[in-house]
Amino acid sequence: MKKLSSLFLTSKKTLKKDRYIIKYFEEIKDEIICFIDDDENIKVFSSICSHFGGEIFYDKKQNILRCKWHDWKFCKNTGKCLSYPITLGLNPYEFEVKPNELKKYDIKSEDEKIYIIYERE
Ligand code: FES
């Protein structure tokens, strides 16, 4: 039976400073990109390009994901390829921010941590 687990990705403070981070996780054998888009939403995808495995980065000016190798473009909301009509896109990941109590207590924590959620055996 599969269980849900979480892995620490980054803090919101770091993400706001750097705009995006890329991190490899042995547990899921995938490299992850986490970024804050123009609408201030946190997004998490695999950062391995579906074309040939190049590294994906967040292009803040164009508000899209792009590959460093051959410049394919990907949708920042769905991970779908925008350059060619292929079915393979970037894998999206579930994530959570802890503590996520901004509305409840009306406070802002500078140390909120972002975790990706994945299934394990
Ligand atoms: S490896 Fe990403 S566009 Fe070619």
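Calculation rules
Residues numbered from 1 in each chain as written. Predicted model: local features only at pLDDT ≥ 70, side-chain atom pairs only at ≥ 80, totals over all residues. Core = buried A, V, L, I, M, F, W, Y, C linked by C-beta atoms within 7 Å. Buried ≥ 20, exposed ≤ 12 C-beta atoms within 10 Å, placed from the backbone. Helix = DSSP H or I, 4+ residues; strand = E, 2+ residues; numbered from the N terminus. Contact = placed C-beta atoms within 7 Å. pLDDT = per-residue confidence, 0-100. Pairing = 2+ DSSP bridges. Axes fitted to C-alpha atoms, helices over the stretch in contact; angles between N-to-C directions.

Visitor: Whenever I open this one, the nonpolar core confuses me. Can you help?
Guide: Note that soluble globular proteins tend to have their nonpolar side chains buried in a common cluster. Counting 18 residues, the largest nonpolar core has Ile32, Ile33, Cys34, Val44, Phe45, Ile56 and Leu65 as its most contacted members. Counting residues per element, the ones that place at least two in this core are β3 (30–36), β4 (42–46), β5 (56–59), β6 (64–67) and β9 (113–120). The leading source of residues in this core is β3, at 4 residues. When sequence neighbours within four positions are dropped, the list of residues in contact with Cys34 reads Leu9, Thr10, Leu15, Tyr20, Ile21, Ile42, Val44 and Ile114.

Visitor: Is there a simple way to think about the confidence of the model for the protein in this case?
Guide: Regions with low pLDDT carry predicted coordinates that are not meant to be interpreted in detail. The pLDDT averaged across the protein works out to 82; a share of 88% of its residues lies at or above 70. Mean pLDDT across the elements of the protein ranges from a minimum in helix α2 (residues 102–105), with 32, to a maximum in β5, with 94. For residues 99–110, every residue scores under 50 in pLDDT, and the model assigns this stretch 5 contacts once sequence neighbours within four places are set aside.

Visitor: Before we go on, may I ask you to explain unusual backbone geometry in this structure?
Guide: At Arg19, a residue that is not glycine, the phi angle is positive and equals roughly 70°. As for its position among the elements, Arg19 is in the loop between α1 (12–18) and β2 (20–25). Arg19 gets classed as exposed once you count the C-beta atoms within 10 Å, which come to 12. Positive phi outside glycine occurs at Asp71, with the angle close to 65°. Tracing the backbone shows Asp71 in the loop between β6 and β7 (73–74).

Visitor: Explain the sheet that holds β2 here, please?
Guide: Sheets are built from strands paired through backbone hydrogen bonds, the pairs being either parallel or antiparallel. Pairing is antiparallel in the open sheet, where 3 strands are placed in the order β2-β3-β4. Among the strands making up the open sheet, the edge pair consists of β2 and β4. Recorded for the sheet is a direction-independent mean angle of 20° between the axes of neighbouring strands. Across 6 bridges, the pairing between β2 and β3 is antiparallel. Counted as the bridge partner of Tyr20 is Phe35 from β3.

Visitor: Teacher, can you tell me more about the sheet that holds β7 here?
Guide: The 3 strands lie next to each other as β5-β6-β7, forming an open sheet whose pairing is antiparallel. Here the strands that pair on one side only, and so sit at the sheet edges, are β5 and β7.

Visitor: Please clarify how the environment of Glu96 should be interpreted in this entry.
Guide: In this fold, Glu96 is placed in strand β8 (residues 94–98). As a C-alpha pair, Glu96 and Tyr115 span 19 residues in sequence and 5.4 Å in three-dimensional space. Setting aside residues up to four positions removed in sequence, Glu96 forms contacts with Ser6, Tyr115 and Ile117.

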